[in-house]
Amino acid sequence: METKQPVPRAILVGIQLDGVDDVAHEASLKELGRLVETLGYEVAGSVSQKRGGIGGLTVLGSGKLAELAAITGGTGVVGGWTAPQKSKARQRFEAAGAASAEDPVPAPQAEGERRPEFVIVDHEISPSQARNLENATGAQVLDRTGVIVEIFHRHARSREARLQVEMARLKYVAPRLRESASGSERKRGVGAGESDLDLDRRTVRDRLAELKEQLAQVQRDSAQRRTARRDQLRVALVGYTNAGKSSLMRALTGSEVLVADQLFATLDTTVRALKPDAKPRVLISDTVGFIKQLPHDLVASFKSTLDEALEASLLLFVVDASDPTYDAQLEVSRTVLHEIGADAVPARLVLNKIDRVDAETRAALLERHPDAILLSAKSPDDVAALRETIIAFFEASMVDGELVLPYAKQGLLGDIYENTRVLSEDFDPAGRILKVRGLPGALARLQRAVAGG
């Protein structure tokens, strides 16, 4: 009988910086907990502290560090490190923070309960800070960036996504490589004079160069596919992770895309046609979700994925209206899109999960965002209304035109029906005469094709 492996346990560490209110701090820790659960870990509790910054050698103050070490079974001491002298004002501030009612002390370790094997910090920390925390707590330390990178690594499915994630992962791991116990020994033969650490770093550099070359080829192929869709009507769903984009995608297109109540359930861009079919056809793309403190390398790596948003005709900003921090989430989404230049694309705000919002909150949302679309992806009526809004948006940009299709070029008929709405059809000795309605760019391209240009 196969023995089931115990679920790893993790303790969360949050630093409430100056200017961050309690609601935002608690929401960030809650989000970190969901990220950790997405990895398959059990959240055993959390330790928080109010501090002016996270630049210290151990992130936490000495009192909180000792409290964390008591939970994980560590010594609370960083070997070879002497705590710097603090002013009396700083000592009083940290003592008040440690004893505040809003920061409860975690319950003592229950008899027989496994201690957390992981300490997860809700900020990006340096490799030296991580080592110091590991020495003091006896647990493996990950920061928020490390957790997100690992989730991306596990959830990437397409070849492009896997290449992008591996690059981001190697860039994260490279500065955290450590000398092995035999690191002082020198290698013989190829690489003579290099330590184990030097070889590891060179291996990472070589692999990154190889991945970069492979990714360039994959992205050229993706660019060609996007070019083929250039004249089509395209809508991109963008927004914070777990805002309900995949649920809305499934409702709008009838596709069997993955819908899961976890962060970053889908990483690969999915493109499907709007259902029921519209004429011309409308393509809907579901892009990777954003998150607070998304690692810069992942933003850069996923630029080609986000190009779906850059090249769309319409962006739908999907927001979880039931989340009290939705405003901050919307700002994160807009900031990332600004980085890739997609903020110039026409956009509509979609306040999703409105079925979880009471009447008073709904009225406040409407007053604050009068042009927003309020809906629930679970409501067929709401989804049908959104479909009509999408079609009306494109309808406003369409023009009427005429195509005379020679009998020798009847193979273009399918392309015409797919990219325009055929209003009437007639015949004369020259060929098939079609009165059509579509986007100017699509009509120009079809007229060139019909004329043989």
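Everything numeric in this text was worked out from a predicted model, so none of it was measured.

**Student:** Got a minute to help me understand helix α8 (residues 245-253) in this structure?
**Tutor:** In an α-helix, one turn spans 3.6 residues, which is why side chains three or four residues apart end up on the same side. For α8, every residue scored as buried is listed here: Lys245, Ser246, Leu248, Met249, Leu252 and Thr253. All buried residues of α8 project into a common sector of 160° when viewed along the axis, lining one side. Elements in contact with the buried residues of α8: β5 (233-239), β6 (270-273), β7 (282-286), β8 (314-320), β9 (347-352) and α13 (380-395). Just past α8, the residue Gly254 takes up positive phi, approximately 70°.

**Student:** Please clarify how the sheet that holds strand β4 (residues 140-143) should be interpreted in this entry.
**Tutor:** The pairing of strands in a sheet happens through backbone hydrogen bonds and is either parallel or antiparallel. Spatially, β2-β1-β3-β4 is the arrangement adopted by the 4 strands of the open sheet, whose pairing is parallel. The open sheet is flanked by β2 (42-51) and β4, the only strands paired with a single partner. Ignoring which end each strand starts from, the neighbouring axes of this sheet average 20° apart. Against the sheet, helix α1 (residues 22-38) contacts β1 (9-17), β2 and β3 (118-121), and its axis sits at roughly 155° relative to β1. In the packing of helix α4 (residues 127-137) onto the sheet, contacts are made with β3 and β4, and the angle to β4 comes to roughly 145°.

**Student:** Looking at this structure, how should I read the environment of Glu395?
**Tutor:** Within the secondary structure, Glu395 is located in helix α13. Once the C-alpha coordinates of Glu395 and Arg437 are considered, the two residues, 42 residues apart in sequence, prove to be 9.0 Å apart. Filtering out sequence-adjacent residues up to four positions away, Glu395 remains in contact with Arg421 and Arg437. Looking at Glu395, its side chain comes within polar contact range of the side chain of Arg421, at 2.7 Å. A distance of 2.6 Å separates a polar atom in the side chain of Glu395 from a polar atom in the side chain of Arg437.

**Student:** I keep staring at the pattern of salt bridges and nothing clicks. Help me out?
**Tutor:** Should the charged atoms of two oppositely charged side chains come close, the side chains can pair. This structure, assessed with the given rule, holds 21 salt bridges. One salt bridge in this structure joins Asp122 and Arg144, with 2.5 Å as the shortest N-O distance. Of this pair, Asp122 sits in the loop between β3 and α4 while Arg144 sits in helix α5 (residues 144-155), placing them 22 residues apart in sequence. For the pair shown, Asp122 and Arg144 are each scored as buried. One connected set of salt bridges, linked through shared partners, spans Glu395, Asp400, Arg421 and Arg437.

**Student:** Would you mind going over the pairing of β4 with me for this structure?
**Tutor:** Consecutive side chains of a regular strand alternate in pointing toward one face of the sheet and then the other. Pairing between β3 and β4: 4 bridges, direction parallel. Residue Ile120 lies in a different strand from β4, and its bridge partner there is Leu142. Taken together, β3, α4 and β4 form a β-α-β motif whose crossover is right-handed.

**Student:** For this particular structure, what's the right way to read the packing of aromatic side chains?
**Tutor:** Scanning the model with the defined rule gives 2 aromatic pairs in all. An angle of 25° between the planes, with centres 4.7 Å apart, marks the rings of Tyr41 and Phe118 as stacked. Here Tyr41, found in the loop between α1 and β2, pairs with Phe118, found in strand β3; they are 77 residues apart in sequence, far enough to count as distant. Taking NZ or CZ as reference, Arg176 lies 3.8 Å from the ring centre of Tyr172, over its face. The ring centre of Phe317 lies 5.6 Å from the NZ or CZ of Arg334, which sits over that ring.

**Student:** Where do I start with the side chain of Asn132 in this structure?
**Tutor:** Considering the arrangement of structural elements, one finds Asn132 in helix α4. Side-chain polar atoms of Asn132 contact the backbone oxygen of Leu57, separated by 2.9 Å. Here Asn132 is in contact with Leu57, Thr58 and Val78, once residues within four sequence places are set aside.

**Student:** Please explain the environment of Val7 as it appears in this structure.
**Tutor:** Mapped onto the secondary structure, Val7 falls in the segment before β1. When the C-alpha positions of Val7 and Glu42 are compared, they lie 6.5 Å apart, and in sequence the two are 35 residues distant.

**Student:** In this structure, what is going on with the nonpolar core? I would like to understand it.
**Tutor:** Side chains of a nonpolar character, in soluble globular proteins, are inclined to be buried together. Counting residues in each nonpolar core, the largest one holds 50 residues, and the members touching the most others are Ile120, Val238, Leu315 and Leu337. Ile120 has contacts with Ala10, Ile11, Leu12, Val13, Leu32, Val36, Leu142 and Val147, leaving out every residue within four places of it along the chain. Counting residues in hydrophobic clusters, the runner-up holds 25 residues, among them Leu233, Val383, Ile391 and Phe394.

**Student:** Sorry if this is basic, but what is going on with the sheet that holds strand β12 (residues 421-428) here?
**Tutor:** Strands sit in the order β11-β13-β12 across an open sheet of 3 strands; the sheet is antiparallel. For this open sheet the edge positions go to β11 (399-406) and β12, each flanked by a neighbour on one side alone. Put simply, the sheet's adjacent strands are angled 20° from each other on average, direction ignored. Where helix α15 (residues 440-451) meets the sheet, its contacts fall on β11 and β13 (431-438), and the angle it forms with β11 comes to roughly 15°.

**Student:** I would appreciate a short explanation of the packing of α8 against α13 in the present structure.
**Tutor:** For any two helices packed against each other, the geometry comes down to the angle between their axes and how far apart the axes lie. Direction vectors running N to C along α8 and α13 enclose 75°, while the axes themselves pass 10 Å from each other. Between α8 and α13, the crossing angle belongs to the class labelled roughly perpendicular. Between α8 and α13, the contacting residues are Leu248, Ala251 and Leu252 on the first element and Val383, Leu386, Arg387 and Ile390 on the second. Grouping the constituent residues of the contact of α8 with α13 by class yields 6 nonpolar, no polar and 1 charged.

Conventions used here
Residues numbered from 1 in each chain as written. Predicted model: local features only at pLDDT ≥ 70, side-chain atom pairs only at ≥ 80, totals over all residues. Heavy atoms only, no water. Buried < 20%, exposed > 50% of the residue type's maximum accessible area, 1.4 Å probe, protein only. Helix = DSSP H or I, 4+ residues; strand = E, 2+ residues; numbered from the N terminus. Arc of directions from axis to C-beta. Contact = heavy atoms within 4.5 Å. Pairing = 2+ DSSP bridges. Axes fitted to C-alpha atoms, helices over the stretch in contact; angles between N-to-C directions. Polar contact = N/O pair within 3.5 Å; in protein donor to acceptor, adjacent residues only side chain to side chain. Salt bridge = Lys/Arg side-chain N within 4 Å of Asp/Glu carboxyl O. Right-handed = clockwise from strand over helix to strand, strands pointing away. Phe/Tyr/Trp six-rings, centres within 6.5 Å; stacked < 30°, edge-to-face > 60°. Lys NZ or Arg CZ within 6 Å of the ring centre and 35° of its normal. Core = buried A, V, L, I, M, F, W, Y, C linked by side-chain atoms within 4.5 Å. Parallel < 35°, antiparallel > 145°, perpendicular 65-115°, else oblique. Nonpolar A, V, L, I, M, F, W, Y, C, P; charged D, E, K, R; others polar.

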